[in-house]
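Observations on chain architecture
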Amino acid sequence: MLNNTNKIILGIDPGLNITGYGLIKFDNFNINYLYGGYIYCGKLYHLYDKLKLIYNTIYNITNQFLPNYIVIEKIFVSKNADTAIKLGHARGVAIAAIVNFNIPLFEYTAKQVKKVIVGKGSANKLQVKYTICKLLNLKISLKLDVTDALAIAVTHCYNIKSLENN
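Report on the accompanying structure. Because the structure is predicted, anything quoted here is derived from the model rather than measured.

For the chain, the helix and strand inventory stands at 5 helices and 5 strands. Each helix and strand of the chain, ordered N terminal to C terminal, gives the series β-β-β-α-β-α-β-α-α-α. Over its C-alpha trace the chain gives a radius of gyration of 15 Å, about what one expects of a compact globule, namely 15 Å for 166 residues. A principal-axis box enclosing the C-alpha atoms of the chain has dimensions of 45 × 35 × 30 Å. Summarising the internal contacts of the chain: among those between residues at least 6 apart in sequence, 59% fall at separations of at least 24. Accessible area for the chain stands at about 9300 Å²; split by element, carbon and sulfur atoms hold 53% of it. The centroid of the 19 positive side-chain charges in the chain is displaced by 6 Å from the centroid of its 9 negative side-chain charges.

Okay, structure coming up:
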């Protein structure tokens, strides 16, 4: 059972072919890995089937864990408009899956996450993965989409700590 200082954060790294998600629990002194995974939609043929799978999975995870906060990556501006639109679809259904839970939703850019986790906004995904695995003391190998989602959650954790200390 969580006390008032313990919080659960769900991080979401949206993607049309792979959407990563990760849950952490934190209090004022510790950040702990709870659960993580990814939604693989690459083999599904129709866009609507992919969106349905993302929606259902994010809804079920939210319903199961009832996090205190949900954090999702903001869309980056892509040179390929079609890619940005498809990513927007994936992000939109993930948000639609959680809005009726009335859980506070926050957004960070990939650059903001990299800056908080690695110390530089230009860090690559492997640097983020390495830092997250060290920080959360993970001995298991996770996909980059999962460690990106965990990094988004951890970023919010640090922002909450900074707000509470002010």
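So much for the structure itself; the text now carries on.
Quick look at the nonpolar core now. Ile9, Ile24, Ile132, Leu136 and Leu150 are the most contacted members of the largest nonpolar core, which has 23 residues in total. Elements that contribute at least two residues to this core include exactly strand 2 (18–26), strand 4 (69–73), helix 3 (110–117), helix 4 (125–135) and helix 5 (144–164). Ranked by size, the runner-up nonpolar core spans 21 residues in total, among them Leu10, Ile12, Tyr21 and Ile61.

Overall, the coordinates contain 5 aromatic pairs when judged by the stated rule. Through a chain of ring-to-ring contacts, the aromatic side chains of Tyr21, Tyr35 and Phe65 assemble into a single cluster. Lying across the ring of tyrosine 38, lysine 143 places its NZ or CZ 5.2 Å from the centre.

With that out of the way, let us pick up the pattern of salt bridges. Applying the stated criterion across every chain, the model contains 3 salt bridges. The salt bridge involving aspartate 82 is made with lysine 86; its shortest N-O contact spans 3.2 Å. Taken as a pair, aspartate 82 and lysine 86 lie in helix 2 (residues 81–98) at a separation of 4 residues, close to a single helical turn. Classification of aspartate 82 as partly exposed rests on a relative accessible area of 44%. Among the residues examined, lysine 86 registers a relative accessible area of 36% and is labelled partly exposed. Between lysine 125 and aspartate 148 there is a salt bridge, and its shortest N-O distance comes to 2.2 Å. Here lysine 125, found in helix 4, pairs with aspartate 148, found in helix 5; they are 23 residues apart in sequence, far enough to count as distant.

Before going further, it helps to examine the state of the cysteines. By the definition in use, this model includes 0 disulfides. Note on cysteine 133: no disulfide assigned, nearest cysteine sulfur contributed by cysteine 157 at a separation of 17 Å.

The subject of this paragraph is the sheet that holds strand 5 (residues 105–108). Across the sheet, 5 strands lie side by side as 3-2-1-4-5; this open sheet has mixed pairing. The sheet terminates laterally at strand 3 (31–40) and strand 5, the two strands that pair on one side only. Shown here is a sheet whose adjacent strand axes are inclined to one another by a mean of 20°, direction ignored. When strand 2 meets strand 3, the two strands line up antiparallel, connected through 9 bridges. Residue leucine 23 lies in a different strand from strand 3, and its bridge partner there is tyrosine 35.

Calculation rules
Residues numbered from 1 in each chain as written. Predicted model: local features only at pLDDT ≥ 70, side-chain atom pairs only at ≥ 80, totals over all residues. Heavy atoms only, no water. Helix = DSSP H or I, 4+ residues; strand = E, 2+ residues; numbered from the N terminus. Rg over C-alpha atoms; globule rule 2.2 N^0.38 Å. Contact = heavy atoms within 4.5 Å. Areas by Shrake-Rupley, 256 points an atom, 1.4 Å probe, with all protein chains shown as cover. Lys, Arg positive; Asp, Glu negative; His and termini not counted. Charge placed at Lys NZ, Arg CZ, Asp CG, Glu CD. Core = buried A, V, L, I, M, F, W, Y, C linked by side-chain atoms within 4.5 Å. Buried < 20%, exposed > 50% of the residue type's maximum accessible area, 1.4 Å probe, protein only. Phe/Tyr/Trp six-rings, centres within 6.5 Å; stacked < 30°, edge-to-face > 60°. Lys NZ or Arg CZ within 6 Å of the ring centre and 35° of its normal. Salt bridge = Lys/Arg side-chain N within 4 Å of Asp/Glu carboxyl O. Disulfide = S-S within 2.5 Å. Pairing = 2+ DSSP bridges. Axes fitted to C-alpha atoms, helices over the stretch in contact; angles between N-to-C directions.

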